[in-house]
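Structural description and commentary
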Amino acid sequence: MYSQDAISGHRRGRPEPTAEMLSGLACLMCGTDYRNSPDPEAVVVSQHDGGQLLACHGTCARMACGSVNGLGGTPLALDERLRRHRDKAS
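Description of the structure in this document. All residue numbers refer to position in the chain's written sequence, counted from 1. Only residues with pLDDT of 70 or above have their local features reported here, since the model is predicted, and side-chain atom pairs are shown and tallied only from 80 upward, although totals for entire chains, interfaces and linings are computed over all residues. Each side-chain value is derived from all of the structure's non-hydrogen atoms; neither hydrogens nor water enter the calculation.

Quick notes on helix α4 (residues 78-89)
Between its first and last C-alpha atoms α4 spans 17 Å; for 12 residues at 1.5 Å apiece the expected length is 16 Å, and the two agree. Any two residues having at least one pair of non-hydrogen atoms within 4.5 Å are treated as being in contact. Put simply, DSSP H or I for four residues or longer makes a helix, DSSP E for two residues or longer makes a strand, and each gets a number counted from the N terminus. Contacts made by the buried residues of α4 are with α2 (19-22) and β2 (51-56). How far a helix is expected to stretch is found by multiplying one less than its residue total by 1.5 Å.

What to know about the pairing of strand β1 (residues 42-48)
At least two bridges found by DSSP between two strands is the condition for calling them paired. Two elements, β1 and β2, share six bridges in a ladder whose sense is antiparallel. Within β2, the position partnered with Ser-46 by the bridge is Leu-53. Hairpin connection of β1 to β2: two residues between the antiparallel strands, including Asp-49 at a positive phi of 50°.

Some remarks on the side chain of Gln-52
Its place among the elements puts Gln-52 in strand β2. Gln-52 sits in the buried class, given a relative accessible area of 15%. Under this definition, polar contacts are N or O atom pairs within 3.5 Å; protein pairs additionally need one hydrogen-donor-capable and one acceptor-capable atom, and for neighbouring residues in sequence, both atoms have to be side-chain atoms. Of note is the side chain of Gln-52, whose polar atom sits 3.3 Å from the backbone oxygen of Thr-74. Here Leu-76 takes part through its backbone nitrogen, which lies 2.8 Å from a polar atom of the side chain of Gln-52. Beyond its immediate chain neighbours, meaning those up to four positions away, Gln-52 contacts Leu-22, Ser-23, Gly-24, Val-44, Ser-46, Gln-47, Thr-74, Pro-75 and Leu-76. The classification of residues rests on relative accessible area computed with a 1.4 Å probe and restricted to protein chains. Under 20% of the type maximum is buried, over 50% is exposed, and intermediate values are partly exposed.

Examining the nonpolar core
Judged by nonpolar contacts, the single largest core of 18 residues is most densely connected at Cys-27, Met-29, Tyr-34, Val-45, Ala-55 and Cys-60. At the level of elements, β1, β2 and α3 (59-65) are the ones that each hand at least two residues to this core. Not counting chain neighbours up to four residues away, the residues in contact with Tyr-34 comprise Gly-24, Leu-25, Ala-26, Cys-27, Pro-40, Ala-42, Leu-54, Ala-55, Cys-56, Leu-78 and Arg-81. In plain words, nonpolar cores are sets of buried Ala, Val, Leu, Ile, Met, Phe, Trp, Tyr and Cys residues tied together by side-chain atoms within 4.5 Å.

Here it is in structure tokens:
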């Protein structure tokens, strides 16, 4: 298990989230692109600007919000996240 110091250090050392991360299309921690991954189990770890921030279930979720299961709630469908991402880009 990761210590709280290790998690905090990782948060401070990572770059700013990309547009895909902010749209829920990529993991907030490891950057896994959910559009290209067949079966990643994504969980909601935060809310941002009316959307959901997602992370891979397990270690990524723990590092993002402190719980391997995220904050609860069901992530929006990938099609809906893609549509919202395109709408923001235009």
